[in-house]
Amino acid sequence: MGRSIKTIAAVAALGIGMSGLAACGGSSTKSSSSGSDKKVQLALVAYSTPQAAYEKIIKAFQSTPEGKNVTFTQSYGASGDQSRAVASGLKADLVAFSLETDITRLTKAGLVAEDWNTDATKGMVTDSVAVIATRKGNPKGIKTWDDLTKPGVQVITPNPFTSGGARWNILAGYGAKSAKGTNKTAGVAFLDSLLKNVPVQDDSGRKSLQTFTGGKGDAIITYENEAIFAQQKNQPLDYTVPDSTILIENPIAVTKNSAHPAEAKAFLTFLHSQQAQKIFVDNGYRPTADGVPGADKFPKPAGLFTIKDLGGWTQVTKDLFDPQAGVVTGIEKKLGVTTVKK
């Protein structure tokens, strides 16, 4: 299965950040060396959920010799939307997305090098798993994928044509019910029943969490780190890690047109350090580095599978999310949900 799964973290409290453009580490950052040291500003464009973690990691990086003169602009939003924005001209020195296909879009556009994923972690900076979260005390007894398809159960998950997290959510249930894609009929039947129970599809995972914590729905499919996030913000929810679920792998890359490639690569290197990976762990993410304190507390589902087990992103995208012939596309259109090419 490649990289080993670590396991639950002591989770630090996170602040729910608003999506959009934010700045961190302003231009007042001072150099500890001579006044002639060059000040550099990097643009980080990322998906919505790791905002709090990145803000803390950036501050830690700025305390290192490599980061002392580096400031950042930060943009957070739905992964697919962010990827398309960069492809359309949004300035970015580093891109951190929810799923690999959002990086692939930029390699095809000539904005990210083809070898971006040839490092030790194959271009991934964090891991997670898809979980089922419910109201505190789980009043409807929702613990399994089948429970999400029962009549009268409202399930919250974002729109898979804007949100990378939504695709992971859908693939988690699909992979579990199709025996890792070997019984596609069963998998498709599950998706058809599941999506009928989804009353609203927000454009990002973070917005869906806000919808759920705001009182709508009986359950939410979400990243494990998002469920931990909500609990640490004293939101009244419980969550279950299904016996069969998908390993969520989150990619990051430096852009080819970065004005400051050396500094961008230094930050990328720092993200894989024990210090930065510990911050990710404290924020509910599973690390990609070995030996990170707290990582051994994450549970390891017996039936954990990966995107490769389902045939890889190219095959999955064609079968499920193709804008004309995809299975999920057809289900969503039947339900009157807007689909946008991702």
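Position numbers for residues count from 1 along each chain, tracking the sequence in the order it is written. For this predicted model, a pLDDT threshold of at least 70 governs which residues receive local features, and a threshold of 80 or more governs which side-chain atom pairs are given and counted, while totals over whole chains, interfaces and linings are taken from all residues. The basis for every side-chain value is the complete set of heavy atoms in the structure, and neither hydrogens nor water enter the calculation.

### Side note on the nonpolar core
Nonpolar side chains in soluble globular proteins tend to end up buried together. What makes a nonpolar core is a set of buried Ala, Val, Leu, Ile, Met, Phe, Trp, Tyr and Cys residues whose side-chain atoms join them at distances within 4.5 Å. For every residue, the accessible area (1.4 Å probe, protein chains only) is compared with the maximum for its type, and the residue is labelled buried under 20%, exposed over 50%, or partly exposed between those bounds. Judged by nonpolar contacts, the single largest core of 61 residues is most densely connected at Tyr54, Leu148, Leu171, Ile246, Phe267 and Leu271. Grouped together as the second largest cluster of nonpolar side chains are 20 residues, Phe212, Ile220, Leu247 and Leu304 included.

### Things to note about the pattern of salt bridges
The working definition used for a salt bridge is a side-chain nitrogen of Lys or Arg within 4 Å of a carboxyl oxygen of Asp or Glu. If you walk through the whole model with that rule in mind, you get 14 salt bridges. The partner of Glu226 in a salt bridge is Arg206, with the nearest N and O atoms 2.6 Å apart. Here Arg206 lies in helix H6 (residues 205-213) and Glu226 lies in helix H7 (residues 224-232), a separation of 20 residues in the sequence. Take Glu226 and Arg206: they sit in the same class, and that class is buried. Within the structure, one salt-bridge network assembled from shared partners comprises Asp192, Lys196 and Lys334. Numbering of helices and strands starts at the N terminus; helices are DSSP runs of H or I of at least 4 residues and strands are runs of E of at least 2.

### As for the packing of aromatic side chains
Any pair of Phe, Tyr and Trp rings, taking the six-membered ring for Trp, is counted once the centres come within 6.5 Å. Such a pair is stacked with planes under 30 degrees apart, edge-to-face with planes over 60 apart, and tilted for the rest. Summed over the entire model, instances satisfying the criterion amount to 10 aromatic pairs. Taken together, a centroid distance of 6.3 Å and an interplanar angle of 85° make the contact between Trp145 and Phe190 edge-to-face. Taken together, the residues Trp145 in the loop between strand S5 (124-135) and strand S6 (155-156) and Phe190 in helix H5 (residues 184-196) connect sequence positions 45 residues apart. As far as the burial class goes, Trp145 and Phe190 line up, both buried. By way of ring pairs, the aromatic residues Phe61, Phe72, Phe267 and Phe270 are connected into one cluster.

Everything listed is a geometric property; what it means functionally is a separate question.
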